[in-house]
Structure formats: C-alpha cells, structure tokens
Amino acid sequence: AHSMDAAELRKLAAEREARRGAAGDSVGSSISRSGRGSGGLGTSAAASKPQQQQRTATAPRVPNLSRAHRSIRMAHSVGCIICALALLLLPFPWVTRTKILLGFVLLAGCYLARAGGGFVHNCLPALLVEGNAPSPADIEGHDKSLFTPEFTTIALTEEWEVLLENLAFCCTYGKRNCLTNQMYSGPLSLGKICSLVWGKLKEGVIRC
C-alpha cells in the first residue's frame, strides 16, 4: 500500500508538472505573438520613415528666381541670351575651330547669370533700375535656377518666364509708358510683346 501511495504521488506530481509546462508554453506563445505584432508595427513605422524622407528628398525644387531682385533677374536673362547665342553658333564650321573661345563665352554667360547681379545693376539705364543694388547675400542666396548642375524643366520654364517679364519691363520703360496696361493685362507671351511693340512702331511712336 505504501509503495502504491508513493507511485500515485509521483504520478500526480508528474501531471502537475505537465500542466505547468503547458500553461507556460501557452503564455510564451501569446507573448511571442504580441511581440511580433508590436514589432511589425515598429518595423512598418521604421520602413515608412525612410520612404517619407526619400519622397521629401526627391520632391521637385521650387525655384524662387521670379522673386529675386530685378537686377539679378536681368543678369539671368542676359546670361541666358549669351549662352543661347553661343550654342546657336555651334553648327557653323568656323566656330568649330574656336571651341575654346566659345567655351569662354558660355562660361561668361553662366557666371553673369549666377553672380552678375551687381554688375548688371550698374550697367542698366536709370529707367530699368529698381531700388538699390543687390547685396552680396542676395546674389549668393538667390536660386540659380537653370545655371546649376541639376537641369530641370521647372528651372527652364522659370528662366523663360523671367526672360519674358524682363523683356516686357524693358519695352514699357520700367512699367512707365503707354504700353504698360496692355502689356500686363493677362499672361505674357513673346507674340504679345512683339505685336504690341510693333503696333506702336508702325504708328511712328517710339516713346509714349
């Protein structure tokens, strides 16, 4: 009887240990599932953060050239014209023998656009001058737009819009003549500017 009681006690103890092990495994698996769920959220959040940073990094740059000092915008337009003329000369045979000179002309146009705001301000006639000369900080801090290693259609479009506005500004003598209202009513275009100026020239009016 004594040996039977001892055997039963060992059997009961083994059953208790088995139940405890099963309970421990159940709790561990629930904790593991919970950890995987929270870890998944953390991983998702961590994965989404680089994606947001990448979207921010690849977002198109918003040019601010149109809000720069008038003389800086004038310098950009003159630089664009110089570079465009130099590129147009490339197909001519005699130009191919002076590639170094053409390269210097292109560099001069780029430099004028990037840093020639003060020089252009001093060269402009009084009718086309707005305010004081741009400061070195203004020249250094303005958006170089098209004249950067990063060529974008946004920059090209803005350079063209600035060129048209500068042309209209010159044709209206700094928004001071009789063409001003017609010129600036509605969007500017090259055809509109040329037709308005040609209309006045046909009338024999040079200054109004």
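Residues numbered from 1 in each chain as written. Predicted model: local features only at pLDDT ≥ 70, side-chain atom pairs only at ≥ 80, totals over all residues. Heavy atoms only, no water.

**Student:** Looking at this structure, I do not really get the overall build of the protein chain. What am I missing?
**Tutor:** Helix and strand counts for the protein chain stand at 9 helices and 0 strands. N-terminal to C-terminal, the α/β element order of the protein chain is α-α-α-α-α-α-α-α-α. The buried share of the protein chain, reckoned over its 208 residues, is 26%. For the protein chain, the accessible surface area stands at approximately 13900 Å², while carbon and sulfur atoms represent 65% of it. (Helix = DSSP H or I, 4+ residues; strand = E, 2+ residues; numbered from the N terminus. Buried < 20%, exposed > 50% of the residue type's maximum accessible area, 1.4 Å probe, protein only. Areas by Shrake-Rupley, 256 points an atom, 1.4 Å probe, with all protein chains shown as cover.)

**Student:** Would you take a moment to explain the environment of Leu-167 for this structure?
**Tutor:** Tracing the sequence through the fold places Leu-167 in helix 7 (residues 153-171). In this structure the C-alpha to C-alpha distance between Leu-167 and Met-74, which are 93 residues apart in sequence, comes to 9.2 Å. With residues up to four places along the chain from it excluded, the contact list for Leu-167 reads Leu-190 and Ile-193. (Contact = heavy atoms within 4.5 Å.)

**Student:** Honestly, the pattern of salt bridges in this entry has me stumped. Any pointers?
**Tutor:** Following the criterion strictly, the structure yields 4 salt bridges and no others. One salt bridge in this structure joins Glu-165 and Arg-70, with 2.5 Å as the shortest N-O distance. One end of the pair, Glu-165, is in helix 7; the other, Arg-70, is in helix 2 (residues 70-88), with 95 residues separating them in the sequence. Look at the salt bridges and you will find they share partners, linking Arg-70, Arg-73, Glu-130 and Glu-165 into a network. (Salt bridge = Lys/Arg side-chain N within 4 Å of Asp/Glu carboxyl O.)

**Student:** Would you take a moment to explain the layout of surface pockets for this structure?
**Tutor:** In this approach the atoms are scanned with a rolling probe the size of a water molecule, which exposes any empty space left behind. In this structure, the largest pocket spans a volume of roughly 200 Å³. Forming the boundary of the largest pocket are Met-74, Ser-77, Val-78, Ile-81, Trp-160, Leu-163, Leu-164, Asn-166, Leu-167, Cys-170 and Leu-190. Secondary-structure elements contributing two or more residues to the lining of the largest pocket are helix 2 and helix 7. Looking at the lining of the largest pocket, the element that brings in the most residues is helix 7, giving 6 residues. Broken down by class, the residue content of the lining of the largest pocket amounts to 9 nonpolar, 2 polar and no charged. The calculated volume of the second largest pocket comes to roughly 150 Å³. Ranked by residue count, the leading element in the lining of the second largest pocket is helix 7, at 4 residues. (1 Å grid on protein atoms, 1.4 Å probe; cavity = no way out; pocket = protein on both sides within 12 Å on 5 of 7 lines; lining within 4 Å. Points joined across faces, edges and corners; volume = space filled by probe spheres on them. Nonpolar A, V, L, I, M, F, W, Y, C, P; charged D, E, K, R; others polar.)

**Student:** Mind showing me how you'd approach the packing of aromatic side chains here?
**Tutor:** Aromatic rings considered in pairs are described by the distance between their centres and by the relative angle of their planes. In total, this model carries 0 aromatic pairs according to the counting rule given. One Lys or Arg, Arg-70, reaches over the ring of Phe-169 and ends 3.8 Å from the middle of that ring. (Phe/Tyr/Trp six-rings, centres within 6.5 Å; stacked < 30°, edge-to-face > 60°. Lys NZ or Arg CZ within 6 Å of the ring centre and 35° of its normal.)

**Student:** Which parts of the structure should I look at to understand helix 4 (residues 99-115)?
**Tutor:** Residue pairs spaced three or four apart in an α-helix point in one direction, given the helix's 3.6 residues per turn. Over its 17 residues, helix 4 runs 24 Å from end to end, which matches the ideal 24 Å to within 8%, given 1.5 Å per residue. When helix 4 is considered as a whole, its buried residues turn out to be Leu-102, Gly-109, Leu-112 and Ala-113. Down the axis of helix 4, the sector holding all buried residues measures 100°, keeping them to one side. Facing away from the buried side of helix 4 by over 90 degrees, the exposed positions are Ile-100, Phe-104, Leu-107 and Tyr-111. (Expected span 1.5 Å × (residues − 1). Arc of directions from axis to C-beta.)

**Student:** Honestly, the side chain of Asn-177 in this entry has me stumped. Any pointers?
**Tutor:** Within the secondary structure, Asn-177 sits in the loop between helix 7 and helix 8 (180-183). Using a relative accessible area of 10% as the deciding quantity, one classes Asn-177 as buried.

**Student:** Looking at this structure, how should I read helix 9 (residues 190-202)?
**Tutor:** Its 13 residues give helix 9 an end-to-end C-alpha distance of 18 Å, which sits within 8% of 18 Å, the value for a rise of 1.5 Å per residue. Taken as a whole, helix 9 has its buried residues at Lys-192, Ile-193 and Leu-196. Seen end-on, helix 9 carries its buried residues on one side only, within an arc spanning 100°. In helix 9, those exposed residues whose orientation departs by more than 90 degrees from the buried face are Trp-198 and Lys-202. Two residues or fewer past helix 9, Gly-204 is found with a positive phi of approximately 80°.

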